[in-house]
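The lines below spell out each chain.
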There are 2 protein chains.
Amino acid sequence: MKIGLLGCGTVGSGVVEIIEKLKGSLEIQRILVKSPEDCKDARYTCNYADLVNDPEIDIIVEVMGGLHPAREYILEALTKGKHVVSANKAVIAANFKEFVETAKAHHCYFLIEASTGGGIPWIKNLQRYARIDDIFEITGIFNGTTNYILDQMHKSGADFDAVLKEAQKLGYAEYDPSADIDGIDVQNKAIISAGIAHNTYVYKEEVPVFGIRDLTCTDIDYFHRKKKVCKLLAVIRCLNDELAVYVEPTLLNENSLEANVPDNFNICSLSGVTIGDLKFYGQGAGKLPTANAVVQDLLDIASDEAKDYEIVLDKTLKVNNENETHAYYVHTDKACETLQEISRAYESNADGVFYETGKLSVAKMHELSKQLRQQGYKLFFAGIRE
Amino acid sequence: MKIGLLGCGTVGSGVVEIIEKLKGSLEIQRILVKSPEDCKDARYTCNYADLVNDPEIDIIVEVMGGLHPAREYILEALTKGKHVVSANKAVIAANFKEFVETAKAHHCYFLIEASTGGGIPWIKNLQRYARIDDIFEITGIFNGTTNYILDQMHKSGADFDAVLKEAQKLGYAEYDPSADIDGIDVQNKAIISAGIAHNTYVYKEEVPVFGIRDLTCTDIDYFHRKKKVCKLLAVIRCLNDELAVYVEPTLLNENSLEANVPDNFNICSLSGVTIGDLKFYGQGAGKLPTANAVVQDLLDIASDEAKDYEIVLDKTLKVNNENETHAYYVHTDKACETLQEISRAYESNADGVFYETGKLSVAKMHELSKQLRQQGYKLFFAGIRE
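Residues numbered from 1 in each chain as written. Chains lettered and ligands numbered in written order. Predicted model: local features only at pLDDT ≥ 70, side-chain atom pairs only at ≥ 80, totals over all residues. Heavy atoms only, no water.

Chain A is annotated in an unreviewed UniProt entry as Homoserine dehydrogenase from Dielma fastidiosa. Annotation of chain A in UniProt includes, under Sequence similarities (unreviewed entry), the sentence "Belongs to the homoserine dehydrogenase family." In its Catalytic activity (unreviewed entry) section, the UniProt record describing chain A reads: "L-homoserine + NADP(+) = L-aspartate 4-semialdehyde + NADPH + H(+)". (UniProt positions renumbered as here; feature names shortened; annotations may be inferred.)

And the structure:
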């Protein structure tokens, strides 16, 4: 099968490398790059029309990132009857339903294994369990950058900014790290995972998200004392045809599996009625692991196995974070009466006040943190898993 | 598709339960049980001919366990053109090549997801990575009974026999626990995993195995002091077209992922050149998780997806455990000069002598332990992972 590759950066060059080594039926026909300077041979072009209008190209692989023109390119490819494989979680989460419906209308495959969990075979396995099981919980560590930062802060005691700089030097964090450290990347992956498992399109605005930007080494000291480890988790819980979906830092017991996920690894978990707990651990990003996931999709298209894994988003489940409750750790720079009233314990030192609230709904905590920030508080919070 | 079910014990009844809930194209046509007393309705029979000669039955599901008549039933089914799904690792490991070749000769599928890792989607994912990647290491915890015993011994400090009895009471260990605690069950799963990943049939005699029968709470005390956790691991390492394959207790750093696998859970890991480390965690046994894996295979047959996952054992890789080396912990009931000579450290107390050897080949350590046992030593050993 002949492939048109959109983008030849980290992941794209990995896709080329693996396909060339495979010596199978897959062949890179054209490669779209931004600038004529990036064109290494006759396969390269800066003109998308050279790919999308090439009748020999069966599949468009979109690994260019960003919302535009990725969205337009994907839609045009599908409309012209070309299968699409995408690793771009941002554009998928923003246009999931449109992509899926366009693919269906034009009898094309739309495959997205690499978008969530990187090299971890998360999407396919989630689809396989959804065909048998009622999946009542999905959770996990879906972002390698923040896991690297948290792991380093826990292990070295270093402060956030120092570790972030180190992560940027190692290529684990981008120059503008906002999408990672503010949890937006995980929010996108939660939207995708909820869609796969529950056939419903969850809107970005429905998923409260709190990142790790304001975590300090004073927080880490506190967690050490309580024998807890902080991880940034996505949670999707299905109960009575409603979904709780949210992203927040979470304090885990230090001997839990998630607490021991090191470096920039991810772990993606599902709980089903018959299968119990299943967890998938691996490289959530990086050139070759992500490219491997892209190539898995390509092989599934080549063998037509993809026919049994069509993504369907035809249900509308209500998102409700009011009934999802747990205790929270909250660190503010100054005393806060509202927090004190709802807390079972608190302490203070020169770095601020540290609360442990009673059980609180996710909706309420995320709303409260917004209000407090508007009132000028600097704060960090994390759910507490007992 | 119509199914003939061999055995309706724990896993078999789970298969019936899941299929009835699915309300799909799968249908249990006949169920083979041992005694007329077990026949609940007209589907039940004690006569295998009623299944294997029924032209309506497409698939035989073998969840009866044991070597005979399971082997003969599987071969007869395949010879008569019926697909076979088996969860029976013992019979598969003993007859892997014969089953695979008979299936091929008669154009049938032979699927074994439930045989290794129970509910964990290990076999299928291993096949998917083998199609792209060079898998250079497979390792993991492949037995829930021993993991439960080890976890309890570490957490409660109780002795082996007490924990084993508790495990038997909970249904985690069999009345005769030998296959589990002596590592034979893991050995079978190592043979199956090596076959899937490397297309080679490894013989039982080639896989040295050491179990946990002689582990004591004195050993656990020692491990606690060294901040290590003992797990029973299978290892398959591929180097220069040779395989190291062995099963032995292993001391892991207490913050490693494997060290934190609790209760009767399993974790199955592969390392590939492009994918890096991938780990799959879940219920390695039990009624519904194992039945779920059986049903996954059935759905893959129904959709014909199984056509791309034919097991092939057409290579002959040499098994060599001479070049696989690491340090070992050895506990003997009395002093041993041979061990002392090869050890970097040792200590003794009323419970015996505790050695930490220098780097030693797996072949050498397993051979030495046999010799020492023949000489009347009581001993336990475990590889040390630094």
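A. Inspection of the overall build of chain A at higher detail. Along its length, chain A carries 13 helices and 18 strands. By the compact-globule yardstick of 21 Å for 386 residues, chain A fits well, its C-alpha radius of gyration being 22 Å. The principal-axis extent of the C-alpha atoms belonging to chain A is close to 65 × 45 × 35 Å. Among the 386 residues that make up chain A, the fraction classed as buried is 60%. Residue pairs in contact within chain A that sit at least 24 positions apart in sequence constitute 71% of those at least 6 positions apart. Here chain A displays about 15,100 Å² of accessible surface, and carbon together with sulfur accounts for 48% of that area. Averaging the coordinates of the 41 positive side-chain charges in chain A and doing the same for the 57 negative ones gives two points 2 Å apart. (Helix = DSSP H or I, 4+ residues; strand = E, 2+ residues; numbered from the N terminus. Rg over C-alpha atoms; globule rule 2.2 N^0.38 Å. Buried < 20%, exposed > 50% of the residue type's maximum accessible area, 1.4 Å probe, protein only. Contact = heavy atoms within 4.5 Å. Areas by Shrake-Rupley, 256 points an atom, 1.4 Å probe, with all protein chains shown as cover. Lys, Arg positive; Asp, Glu negative; His and termini not counted. Charge placed at Lys NZ, Arg CZ, Asp CG, Glu CD.)

B. Structural context of the UniProt feature "domain: Homoserine dehydrogenase catalytic" (unreviewed entry) in chain A. According to UniProt, the feature "domain: Homoserine dehydrogenase catalytic" (unreviewed entry) maps to residues 121–299 of chain A in the numbering used here. With 41% helix and 26% strand, residues 121–299 of chain A has end C-alpha atoms that lie 14 Å from one another.

C. Fine view of the relation of the copies chain A and chain B. In screw terms, the move from chain A to chain B is a rotation of 180 degrees and a rise of 0.0 Å along the axis, fitting with an RMSD of 0.0 Å. Look at the turn and shift together and you get a two-fold axis relating the two. Judged by C-alpha distance, Phe280(A) is the residue of chain A that lies nearest the rotation axis, at 2.4 Å. An overlap of 100% is found between the interface residues of chain A and their copies at the interface of chain B, pointing to a shared contact surface. (Least-squares fit on C-alpha atoms with pLDDT ≥ 70 in both.)

D. Geometry of the environment of Lys40(A). Within the secondary structure, Lys40(A) is located in the loop between β2 (27–32) and β3 (44–45). Using a relative accessible area of 68% as the deciding quantity, one classes Lys40(A) as exposed.

E. View of the sheet that holds strand β4 (residues 59–62) of chain B. Residue and element names in this part refer to chain B. Here we have six strands laid out as an open sheet, ordered β3-β2-β1-β4-β5-β6, and parallel in their pairing. The sheet terminates laterally at β3 (44–45) and β6 (110–111), the two strands that pair on one side only. Sheet topology places strand β1 (residues 2–6) next to strand β2 (residues 27–32); five bridges connect them, and they run parallel. Paired with Leu6 across the strands is Leu32, a residue of β2. The strands that helix α11 (residues 287–302) touches are β1, β4, β5 (83–86) and β6; relative to β5, the one it contacts most, it runs at about 160 degrees. (Pairing = 2+ DSSP bridges. Axes fitted to C-alpha atoms, helices over the stretch in contact; angles between N-to-C directions.)

F. Quick peek at the interface of chain A and chain B. Of the residues lining the interface, 40 residues belong to chain A; the matching set on chain B comes to 40 residues. For chain A, the biggest contributors to the area lost against chain B are Ile132(A), Leu257(A) and Tyr281(A); these three give 17% of the whole. Seen at the junction of chain A and chain B, the total is eight salt bridges. Where chain A meets chain B, there are 25 residue pairs in polar contact (both at pLDDT 80 or more). Where strand β11 (residues 276–283) of chain A meets strand β11 (residues 276–283) of chain B, three bridges bridge the pair, whose relative direction is antiparallel. If you follow Lys279(A) over to β11(B), its bridge partner there is Tyr281(B). (Buried area = accessible area lost by both parts, 1.4 Å probe. Salt bridge = Lys/Arg side-chain N within 4 Å of Asp/Glu carboxyl O. Polar contact = N/O pair within 3.5 Å; in protein donor to acceptor, adjacent residues only side chain to side chain.)

G. Molecular detail of the pairing of strand β8 (residues 228–239) of chain B. Residue and element names in this part refer to chain B. Within β8, ten of the twelve residues are buried, which leaves the element mostly enclosed by the surrounding structure. Pairing between strand β7 (residues 135–141) and β8: four bridges, direction antiparallel. Paired with Thr139 across the strands is Val235, a residue of β8. Alignment of β8 against strand β9 (residues 242–253), held across twelve bridges, turns out to be antiparallel. Looking at β9, one finds that Lys231 is bridged to Thr250.

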